[in-house]
Each structure stands twice: as structure tokens, then as C-alpha cells.
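Descriptive analysis of the structure
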Amino acid sequence: MTQSVGTLVILGASGDLSSRLLLPAIGQLLTHHPERRFHLVGSGAEDWTDAKWRSVVKASFKTVKAGGPAVDELLKSTVYLSADVTKPDDLQRIFDACDGAPALYFALPPAITAKACEALGKLTLPAGLTLALEKPFGTDKRSAVALNKRLATLVPEDQIHRVDHFLGNSTVLNLIGLRFANSILEPVWNGDHIQSVDIVYDESLGLEDRARYYDHAGALMDMIQSHLLQVLAVFAMEPPSALDATDLRDAKATVLRATRVWKDDPVEASRRARYTAGTVDGEKLPAYINEPGVDPANDTETLAEVTVQIDTWRWAGVPFTLRSGKALGSRRREILVTFKPARHIPRGLKGHREPTMLRIMLAPDAMSLELNINGPDDPHEIERVALSADFGPGLLLAYAEVLEGILDGDPSLSVRGDTAVEMWRIVAPVISAWKKDDVPLQSYRAGSDGPASWKKIG
């Protein structure tokens, strides 16, 4: 696709998101696609010089070994503007520093992003302006609707990129290719053959100095409400006719509109817990409530599970459990598809009788199909084997794939406004039940697999 953006502006350029994720992604993108040219403007509240900004950009580029003519040209021309992005005059200074159609990337807290959008409404905006926003998109259904209305007064929907890096091109295409390029899978991809689906994103990392954001979000809002519901939508969607933005986003929206908490019972369908002191990979972690910046009164969960149902012909009756947590004993990022057990196993066969399982691992992407087969010694003994395959890491980092879509004006990998609202609708009953303490906040030791009373997944 032809690049439509002439200047990429990072608002909040002095923050961690910019140096750790966005700038390395830019460096990698330019290294692999040296024909690309665009101007980079950094802006933040800190009073940095251009020289300071360029040193930060160079350091971030080194982490991905970025180099080549496009990288060199960007480093020479990039500038930094100290600005308060909630003030129209400061935003106008930023626009004045842009060449060609600009894209504003809001690497900012949601409250500041909302105020910046209010300020944008007081300006005459440049032609072709693109807006890219990090999650969360609002703080509930009502605020998401309000944010969408505000954005719609600024630019058309196809020029709004609600960024979810879990929707990096490789992960989306790997799931779509696995499902729709294999005739053996699609006929069994439904409730007639699938017993349950679990989407798990467990991390061994603790809070990692993210209290300012995480202590007001928790595992439910940080991961399940956004990333994991998007993964569910790609996994469960109907076959799109093409890989364009309209078809892909329509297919995901259909799934999310049909999704609700399992049996409309958030108390039985959700669980939450918080880690206490423990050891992960030989490193001692304090209890979450003793982490710097944490307010114990917030009752923030660090592990969450929510089971939902999708009210469609394909998925009626199949429980989808979404789980994510921090400071767990092992890193686990996968979609686990458990097929229904064999209807009848002939008498005379003994051994393993577990149902067939398909594991689709995320980051790095791989798959494993677990089957029961006859053993090599005693043919009457059923043994468990796994057939595995790697999808490969993909050419680009997830954020580089997302930025590529922004630069090219392709919103295929972004979250559409209506689906952002649907995701808040889905989790709203759970949030309400948790606020009323209808679901107890349990505890688990850092480095464990979670509360002992929870049913083990897979």
C-alpha cells in the first residue's frame, strides 16, 4: 500500500512506551523497508533539546540493530518539541513542524489523550490527519461512546487507529491461515466438535514499575477487556471474503456483538486474585500491595479469569475462558482448543483417554496438536503425542506492523469504534460484580500457578 503519512508525531515521546516499543519499531521498519521516508517529531512535557531526543532515538534504534539510508535520514531530521498537548496553541506548533499529512500517536494516559482531543477540536486540522490511540479506549462503555463521538468530529473513522499490538499482522494472518487454508479444520471449528476454548496470557513478570497505570486497571482491564477479546474475535469469526479492513473488522464485530458473560452470571463466570510475596525465576518479589506506587485500597487484581459465551450457530454452548495474570510461575501465551472426547473407545485399548487438544501459541507463534495414538511397544496401550509446528517470528515486531498500517492508512489491524464499545459492554457485568465484592479477591504466591482452588486450565 502507498504510504499516506508524511510526518509521524509521537505525543508523550519522553515516556517509556516511546523508547521501549515505538522507537525500536520505527527503526526496524525503516531497516527492512529502506524505501520508506517520513519525518519524525517527538513531543513531551519534558524540556528536551533536539540533541537529547536524537540520543534517545539512537539508543532505541540500537536495540534492534537498525541501520541504513532511511534510518540515517530520519535521525538527521527528527526534532523534539516541548509541549502541553492539552493546549490548542501547543498542538498548532506541532502541526507547523510537520511535512505532509501528519499522524498523531498518543503515547499518553487516557485522560490526557481525551483532553488533547478536546483541544484538537478548537483547531483547523491539517488535511489527511491520522489519529492513533493506545488502549484503553475509555474507561467504560459510556466513556468509550463519548470518546468515539469526539473523534468522529475530528477525522473519519478510517483515519482513526485504536492500537492493539496483539493484532500485529503475523498473529492475525497465522490464525486466519490456519483456520481457512486447511479444509480439515474448518468443518470441526464449531460447538459440534469443540468442547471449550481457553485464551491464556500468563506472565512471570511482576508489576515492573507500572503502578501509575496498572493499579487503576488491573488484569481484567489491562488484558482481558482489550487484547484477549480481540484474539477471541479473530479466533471465532466467520470466514472473511478478503483480507481488507472492511471484511476483517466486520467479521470481528459480529463475534463481539454476540458475546456475553457465561449464562449472564458474572459471579460464577469470573475469578480474581492478587499475588503475595514469593520467588519467580530465582528473583524475590514483594507482595503486590507492597510494590512502589500501589494503593492497597484499590483492591487491584493481578490475575483474572472470565468465561464468556458467543451466541451464534457456530459457538452456542461452548465456554470461552479468558485468563491473564502477573508474577506466575511460568510464562504461558496460548489459545487452547479442547475437542470433545471420542464417542467410544473399543474395549481392549487402555491408557490415555484425554480429548484431542490444539494449542496455538502466541509470541512466538507456534502450534501443537495433541493426539492419542497406539504405543510403539504394546499396540493396546494408547499414548499421548504432540505434532508441533512453528509459524516463525514474522519479519517485523508487532508494533512495527501496527505502525506500518498507520503510515499506509490501512486500519485493518486497528480496533474499530463500535467494537471498542462492545468490549466494554461484555465486561461491564464483571466490573460491577467486583466493585460490589460479589466475587472475592483471592491471593496466590508469586511464582505459583495461581490460587490452589482454581481449576487448572489445560
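The rules behind each value
- In every chain, residue numbers begin from 1 and rise along the written sequence.
- Two thresholds apply to this predicted model, a pLDDT of at least 70 for residue-level local features and 80 or more for giving and counting side-chain atom pairs, whereas whole-chain, interface and lining totals are computed over all residues.
- Excluding hydrogens and water, the side-chain values take into account all heavy atoms of the structure.
- Comment: elements are numbered from the N terminus, with helices defined as DSSP H or I runs of at least four residues and strands as E runs of at least two.
- Two residues qualify as a contact provided that any one of their heavy atoms is within 4.5 Å of a heavy atom in the partner residue.
- The definition of a polar contact used here is a pair of N or O atoms within 3.5 Å, where within protein one atom must be able to donate a hydrogen and the other to accept one, and adjacent residues in sequence count solely through side-chain atom pairs.
- For Phe, Tyr and Trp, where Trp contributes only its six-membered ring, two rings pair if their centres lie within 6.5 Å, and the inter-plane angle classes them as stacked under 30 degrees, edge-to-face over 60, or tilted in between.
- Note on classification: 1.4 Å probe, protein chains only; a residue is buried when its accessible area is under 20% of the maximum for its type, exposed when over 50%, partly exposed between these limits.
- Angular values range over 0 to 180 degrees, each being the angle between N-to-C directions of two axes fitted as lines to C-alpha atoms, with helices fitted over their stretch in contact.
- Comment on the angle field: the value is read as roughly parallel under 35 degrees, roughly antiparallel over 145, roughly perpendicular from 65 to 115, and oblique elsewhere.
- A clockwise turn of the near helix away from the far one marks a right-handed crossing, whereas an anticlockwise turn of less than a right angle marks a left-handed crossing.
- Just so you know the grouping, Ala, Val, Leu, Ile, Met, Phe, Trp, Tyr, Cys and Pro go in nonpolar, Asp, Glu, Lys and Arg go in charged, and all remaining residues, Gly too, go in polar.

**Some thoughts on the environment of A366**
The topology assignment puts A366 in strand β17 (residues 366–374). It is 9.0 Å that separates the C-alpha atoms of A366 and P393, two residues lying 27 residues apart in sequence. Here A366 is in contact with R359, I360, M361, A389, D390 and F391, once residues within four sequence places are set aside.

**Some words on the environment of E370**
Structurally, E370 is set in strand β17. In sequence terms E370 and S388 are 18 residues apart; their C-alpha atoms lie 8.7 Å from each other. Excluding residues that lie within four positions of it along the chain, E370 makes contacts with T356, M357, R359, R384, V385 and A386. A polar contact of 2.6 Å, which involves the side chain of E370, links it to the side chain of R359.

**Description of the packing of aromatic side chains**
Under the criterion given, the structure shown has 9 aromatic pairs. Between the aromatic rings of W53 and Y80, the centroid separation amounts to 5.9 Å while the plane-to-plane angle is 40 degrees, which identifies the pairing as tilted. Taken together, the residues W53 in helix α2 (residues 50–62) and Y80 in strand β3 (residues 79–82) connect sequence positions 27 residues apart. Y80 carries the same exposure label as W53, and that label is buried.

**Here's the deal with the packing of helix α10 (residues 245–257) against helix α13 (residues 417–435)**
Viewed as axis vectors pointing N to C, α10 and α13 meet at an angle of 20 degrees, and their least axial separation amounts to 9 Å. Taken together, the axis directions place α10 and α13 in an arrangement best described as roughly parallel. Here the hand of the crossing between α10 and α13 comes out left-handed. Together, A253, L256 and R257 of α10 and D418, T419, E422, M423, R425 and I426 of α13 make up the contact between the two elements. By residue class, the composition of the contact of α10 with α13 is 4 nonpolar, 1 polar and 4 charged.

**Quick word on unusual backbone geometry**
P136 follows K135 through a cis peptide bond whose omega is 0 degrees. The topology assignment puts P136 in the loop between β5 (130–134) and α6 (141–152). One non-glycine residue, E208, adopts positive backbone phi at about 55 degrees. Here E208 shows up in the loop between β7 (194–202) and α8 (211–214). Located in the positive-phi region is A327, a residue other than glycine, with phi close to 55 degrees. In this fold, A327 is placed in the loop between β13 (320–325) and β14 (332–339).

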